[in-house]
Amino acid sequence: MLRRVPPSLRRGLLSSASTHYGGAQILNSSHSPSKSLLPQWRRRASVASTSAPPPPRPPSPPRGPSRSGGGGPTVSSLNPAEVAKFAAIAETWWDASGPFKPLHLMNPTRLSFIRSTLCRHFRRDPYSSKPLEGLKVIDVGCGGGILSEPLARMGATVTAIDAVEKNIKIASIHAASDPTTASIEYCCTTAEALVKEKRLFDAVISLEVIEHVANPLEFCESLSALTVPNGATVVSTINRSMRAYATAIVAAEYILRWLPRGTHEWSKLVTPEELSLMLQKASISVEEMAGFVYNPLSGEWSLSEDTGVNYIAFGIKKNETPSTDSIKARLS
Ligand SMILES: C[S@@+](CC[C@H](N)C(=O)[O-])C[C@H]1O[C@@H](n2cnc3c(N)ncnc32)[C@H](O)[C@@H]1O
């Protein structure tokens with residue numbers, strides 16, 4: 001079910017050819033790339049695509065707070081409105097029938113993708129009891145720790161960060177009750193702050209966060225700056241497609257009421273092509289991508305080639321000489 005991203009696609013992301021990918025088309029562009037992008041991404045990306053027309057009157061993207069304009073990954077990724085949404089429901093993280101029910105249901109499938117891609121990349125045995133032993137892993141935007149805990153149980157040395165203090169308190173209390181997870185280093189901070197501290201990890205994982213940050217491209221740059229050369233980066237999110245609008249927003253928030261209304265803003269969602277492009281610009285080459293599909297009869301999620309709604313990407317940090325900008329950012 002996992003799909004390798006073919007070299008042609010990787011080239012296509014930056015070239016002038018057009019390529020089919022995940023049912024959507026990577027457009028190239030003879031037209032001005034900046035016009036194809038959402039306003040908050042225009043600063044640096046050079047090509048982009050969208051896979052669907054916008055739904056009626058999507059809400060305008062909220063503005064992020066501080067912008068240094070310095071060009072490095074030190075700009076704040078915090079979007080206060082988004083952070084407030086999660087602070088309001090922090091107590092419900094470990095209620096498997098509460099607002100985070102979809103994440104609880106998705107967790108085994110997300111972990112299966114992470115286990116298989118990390119084991120392949122780091123040459124580990126996926127069937128061992130602690131396949132991630134010895135790997136330093138960070139969970140960026142960890143919420144209540146529902147992904148951090150199983151990563152620790154797989155043997156990883158886990159650092160988990162979130163912008164919401166309440167989330168970190170709840171995650172710490174929950175993890176402390178089990179010796180296999182008590183070692184998780186929880187911290188209320190952002191990826192950019194850890195970049196300034198020059199922290200580095202073998203694997204950087206950020207699931208369902210990029211659609212809530214102030215500037216997705218700069219967020220990708222921060223994830224990359226936290227990843228060791230040849231390390232792994234895993235990002236999951238929701239596609240900006242009409243199907244996602246119908247299912248992840250209208251059905252999940254308004255009909256089934258799985259999530260509070262307004263949890264996701266359609267205009268802030270990211271297509272697989274945009275994510276690949278942003279990661280590529282941040283020196284991470286996307287090697288595998290998979291979709292998550294929900295079976296309403298069994299109530300289970302599974303991996304699929306269909307990246308039309310929920311999807312996850314695995315990339316490798318390029319082993320390249322750092323740019324002057326990134327050196328300056330690390331030294332500042
Ligand atoms: C949908 S939840 C995902 C939680 C967790 N990654 C998971 O999938 O189980 C998004 C989380 O990202 C956090 N968040 C949002 N913006 C953030 C930022 N700029 N830096 C760190 N965390 C952020 C929120 O507080 C929230 O806990």
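Residues numbered from 1 in each chain as written. Predicted model: local features only at pLDDT ≥ 70, side-chain atom pairs only at ≥ 80, totals over all residues.

## Quick look at the overall build of the protein chain
Okay, step 1: Per the secondary structure count, the protein chain includes 11 helices and 11 strands.
Okay, step 2: For the protein chain, the proportion of its 332 residues judged to be buried stands at 45%.
Okay, step 3: Of the contacts made within the protein chain by residues no fewer than 6 positions apart, 69% connect residues no fewer than 24 positions apart. (Helix = DSSP H or I, 4+ residues; strand = E, 2+ residues; numbered from the N terminus. Buried ≥ 20, exposed ≤ 12 C-beta atoms within 10 Å, placed from the backbone. Contact = placed C-beta atoms within 7 Å.)

## Considering the site of the ligand
Okay, step 1: Ser 77, Phe 86, Gly 141, Gly 143 and Ala 163 are the nearest of the 21 residues found near the ligand.
Okay, step 2: Top contributing element to the shell around the ligand by residue count: helix α3 (residues 80–88), with 3 residues.
Okay, step 3: Per-class residue counts for the shell around the ligand are 12 nonpolar, 6 polar and 3 charged. (Near = placed C-beta within 6 Å. Nonpolar A, V, L, I, M, F, W, Y, C, P; charged D, E, K, R; others polar.)

## With respect to the packing of helix α8 (residues 216–226) against helix α10 (residues 272–281)
Okay, step 1: With their axes 8 Å apart at the nearest point, α8 and α10 run at an angle of 50° to one another. Taken together, the axes of α8 and α10 lie oblique to each other. For the pair α8 and α10, the sense of crossing is right-handed. Facing α8, whose interface residues are Pro 216, Leu 217 and Cys 220, α10 presents Met 278, Leu 279 and Lys 281.
Okay, step 2: Across the contact of α8 with α10, the residue classes tally to 5 nonpolar, no polar and 1 charged. (Axes fitted to C-alpha atoms, helices over the stretch in contact; angles between N-to-C directions. Parallel < 35°, antiparallel > 145°, perpendicular 65-115°, else oblique. Left-handed = near helix turned anticlockwise from the far one by under 90°.)

## Here's the deal with helix α4 (residues 101–121)
Okay, step 1: End to end, α4 covers 30 Å across 21 residues, agreeing with the expected 30 Å (1.5 Å per residue, within 8%).
Okay, step 2: Remark: the principal bend of α4, roughly 45°, maps to Asn 107, with a proline, Pro 108, within the next four residues.
Okay, step 3: Considering only its buried residues, α4 is in contact with β7 (201–207), β8 (227–238), β9 (284–295), β10 (300–304) and β11 (310–317).
Okay, step 4: Positive backbone phi, approximately 55°, marks Arg 123, located one or two places after α4. (Expected span 1.5 Å × (residues − 1). Bend = angle between axes of the 7 residues up to and from the residue.)

## Describing the pairing of strand β4 (residues 136–140)
Okay, step 1: Most of β4 is tucked away: 4 of the 5 residues are buried.
Okay, step 2: Taken together, β4, helix α5 (residues 148–153) and strand β5 (residues 157–162) form a β-α-β motif whose crossover is right-handed.
Okay, step 3: Of the pairings in the sheet, the one linking β4 to β7 comprises 3 bridges and is parallel in character. Pairing of Val 137 across the sheet is with Ala 203, part of β7. (Right-handed = clockwise from strand over helix to strand, strands pointing away. Pairing = 2+ DSSP bridges.)

## Description of the UniProt feature "binding site: Mg(2+)" (unreviewed entry) in the protein chain
Okay, step 1: Under the UniProt annotation, the feature "binding site: Mg(2+)" (unreviewed entry) is placed at Glu 208, Glu 211 and His 212.
Okay, step 2: Along the chain, Glu 208 falls in the loop between β7 and α8.
Okay, step 3: By the C-beta count within 10 Å, which is 21 here, Glu 208 ends up buried.
Okay, step 4: Ignoring any residue separated from it by four or fewer positions in sequence, one finds Glu 208 in contact with Leu 103, Ser 236 and Thr 237.
Okay, step 5: By secondary structure assignment, the location of Glu 211 is in the loop between β7 and α8.
Okay, step 6: For Glu 211, a count of 21 C-beta atoms within 10 Å gives the class buried.
Okay, step 7: Residue contacts for Glu 211: discarding those within four places in its chain leaves Thr 237, Ile 238, His 264, Lys 268, Leu 269 and Val 270. (UniProt positions renumbered as here; feature names shortened; annotations may be inferred.)

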